Amino acid sequence: MNSFRSLCDLPNWPKDEVLFQGSAVATTVADVLGLTRALVVELAERKRRGDVRRIAIACEDPSAFLASLLACFACRVTTILPGVTSPGGLTNRADQFDHLITDTEIARLFSAAQISDGAVDLPEAAECNLVFFTSGSTAAPQPIPKSWRQIEAEAETLQQQFGSDVAGARVVATVPHHHIYGILFNLVWPLATGRALFVPRQISVDAALDHAEQCPTVIVSCPAHMMRLGSRPVSERAPVMVFSSGAPLMADSARAMAQISGSFPVEVYGSTETGGIGFRTQAVSDQKWTVFPGVDVRYASSGCLAVRSAVTPGADWFETSDLCTLSPDGLRFQLGGRNDRVLKIEGVRVSLPRIEALAQANSCVLEAAALGVDTDKGQKLAMVATLTPEGEQLLQSKGKFRLERVLSTAIRTAENAASAPKLWRFVREIPTNERGKRQAAALAALFSG
């Protein structure tokens, strides 16, 4: 099945078509529509009783998430996708919505036997309004409004670019569907083109590769998850394709996946605001990113990449914070770090990506995250790092102070005194959210108190 179908047309799809395949249970179109109808009745009553115009969805189960999404569309309310499901995260965004749909509410509808076979009236995709949130990797998460038509337009671009490569393959994702990457790759694109999503209770990259041994599979993951790929033999049956997004994939992770699966992961670059901008693999060193069809790019006066497409705000030029180098034909580009990740320390401009790269060049450091921390003596350059076995051994034998001196001296020698971090934290994992994006607030919290 190669034609692209809008999920707003789900009531007209074959009722026995499988959308989600669990380990033992399959969820069909009829199942999702029945739950959607029950939610429509529930939400319509809430609208009748009070002012409920913004409804947030925080369902872990993808079939419940899809039904909730469609029910919000049917009730003509603004759908809020908080991007988190934790109580604390939802509390922080509680001022953004009037009502919250969770797996608990879905379970209550099931237990009350309110599932109905009635018709579901869905509007056109352009009339369905959503609000996403940025990841919070460099600042506080910001709301980003979009229409469902914009989401489906982006999925159609993915189908145009990769559809022939993934036809007939089942999707296994290590990232959730709460954000734009997950919605596109785990939900809209596969379901709109007739590819079911495999829904295990817990999934890692290793487990996804195990599943790929059983049937043609597309793996949707992120750099933080691929870093945890265990040592394993070459797959007898490789995944059809592996996608990664959220940040550039470390070269070691890309090579490790290629050695196991036989091909390099396809990395997708973009943001909540811009949608997908380009893609690449690391089969060749310093491989440029290729611009997606329908996307225009150019230099901004800041030296950063500017992008324009059907999904950018107002379909106008949007300036990113990513420095870049464009090819003469404007169809390929290289990234050069973020323009907003520059601090002024002791009167000297310090590039955080540069300092991270210098730290990671040391045989003691596996991954590094640099940031500025406000102290009573002004802003200080700080570093959070995970260690290699060599680094762990040095930490145990010589202590934290000695390890900090070794790392800071190496950075100071390669750059300058202001570029040497004054504050260090050594952790097992760099704090990230469920999509593998670093969290600025969580990093800063490591230095509080």
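Definitions and limits used
Residues numbered from 1 in each chain as written. Predicted model: local features only at pLDDT ≥ 70, side-chain atom pairs only at ≥ 80, totals over all residues. Heavy atoms only, no water. Helix = DSSP H or I, 4+ residues; strand = E, 2+ residues; numbered from the N terminus. Pairing = 2+ DSSP bridges. Patch = residues over 30% accessible without salt bridge, like charges linked within 9 Å, V, L, I, M, F, W, Y side chains within 5 Å. Areas by Shrake-Rupley, 256 points an atom, 1.4 Å probe, with all protein chains shown as cover. Salt bridge = Lys/Arg side-chain N within 4 Å of Asp/Glu carboxyl O. Lys, Arg positive; Asp, Glu negative; His and termini not counted. Charge placed at Lys NZ, Arg CZ, Asp CG, Glu CD. Buried < 20%, exposed > 50% of the residue type's maximum accessible area, 1.4 Å probe, protein only. Disulfide = S-S within 2.5 Å. Axes fitted to C-alpha atoms, helices over the stretch in contact; angles between N-to-C directions. 1 Å grid on protein atoms, 1.4 Å probe; cavity = no way out; pocket = protein on both sides within 12 Å on 5 of 7 lines; lining within 4 Å. Points joined across faces, edges and corners; volume = space filled by probe spheres on them. Nonpolar A, V, L, I, M, F, W, Y, C, P; charged D, E, K, R; others polar. Core = buried A, V, L, I, M, F, W, Y, C linked by side-chain atoms within 4.5 Å. Contact = heavy atoms within 4.5 Å.

Student: Outline unusual backbone geometry, listing residues and values.
Tutor: Even without being a glycine, arginine 76 presents a positive backbone phi close to 55 degrees. The residue arginine 76 is located in the loop between helix 2 (62-74) and strand 4 (78-80) in this model.

Student: Which residues make up the pairing of strand 12 (residues 266-271), and what values do they have?
Tutor: Judged from the three bridges that link them, strand 11 (residues 241-245) and strand 12 form a sheet pairing that is parallel. Bridging across to strand 12, serine 245 finds its partner in valine 268. Pairing between strand 12 and strand 13 (residues 275-280): five bridges, direction antiparallel. If you follow glycine 270 over to strand 13, its bridge partner there is glycine 276. What sits between the antiparallel neighbours strand 12 and strand 13 is a turn of three residues.

Student: If you had to explain a positive patch on the surface to someone new, which residues and values would you point to?
Tutor: Taken together, Lys398, Arg402, Arg405 and Arg412 make up a surface patch of like positive charges. Among the elements that make up the positive patch, the one with the highest residue count is helix 12 (residues 400-414) (three residues). Topologically, arginine 405 is positioned in helix 12. With relative accessibility at 53%, the residue arginine 405 sits in the exposed group.

Student: Which residues make up the pattern of salt bridges, and what values go with them?
Tutor: Where charged atoms from two side chains of opposite charge approach closely, those side chains can pair. In total, this model carries 21 salt bridges according to the counting rule given. The closest approach of N and O atoms between aspartate 296 and arginine 308, which form a salt bridge, is 3.5 Å. Taken together, the positions of aspartate 296 in strand 15 (residues 296-299) and arginine 308 in strand 16 (residues 304-308) put the pair twelve residues apart, joining distant regions of the chain. By relative accessible area, which is 36% here, aspartate 296 ends up partly exposed.

Student: Account for the state of the cysteines, naming residues and giving values.
Tutor: In this structure the tally under the stated criterion is zero disulfides. Cysteine 8 takes part in no disulfide bond, and the closest cysteine sulfur, belonging to cysteine 128, lies 3.9 Å away. Classification of cysteine 8 as buried rests on a relative accessible area of 11%. Counting only cysteine sulfurs, cysteine 72 is the nearest neighbor of cysteine 75, a cysteine outside any disulfide, at a range of 7.1 Å.

Student: How would you sum up the sheet that holds strand 22 (residues 378-387)? Please name residues and give values.
Tutor: Spatial ordering of the open sheet is given by 21-22-23, a layout of three strands whose pairing is mixed. At either end of the open sheet lies a strand with only one pairing partner, and these are strand 21 (365-375) and strand 23 (423-426). Averaged over all pairs of adjacent strands, the angle between strand axes in this sheet comes to 20 degrees, irrespective of strand direction. Relative to strand 23, strand 22 runs parallel, the two being bridged by four bridges.

Student: Explain the layout of surface pockets to me, using residue names and the numbers behind them.
Tutor: Put simply, the second largest pocket is a space of about 850 Å³. Forming the walls of the second largest pocket are 34 residues, and the residues nearest its centre are Glu60, Asp61, Pro62, Val199 and Pro200. Sorting the residues of the lining of the second largest pocket by element identifies strand 1 (18-21), helix 1 (29-49), helix 2, helix 4 (103-111) and strand 9 (197-198) as the ones contributing at least two each. Per-element tally for the lining of the second largest pocket: the top contributor is helix 4, with four residues. Split into classes, the residues belonging to the lining of the second largest pocket amount to 18 nonpolar, ten polar and six charged.

Student: So, the nonpolar core: which residues are in play, and what are the values?
Tutor: Counting 82 residues, the largest nonpolar core has Trp148 and Phe243 as the members making the most contacts within it. Among residues more than four places away in sequence, those in contact with phenylalanine 243 are Phe162, Val166, Tyr181, Phe185, Trp189, Val218, Ile219, Val220, Ser221, Met226, Val266 and Val268. By size, the runner-up hydrophobic cluster in this structure holds 23 residues, among which are Leu343, Ala370, Met383 and Ala385.

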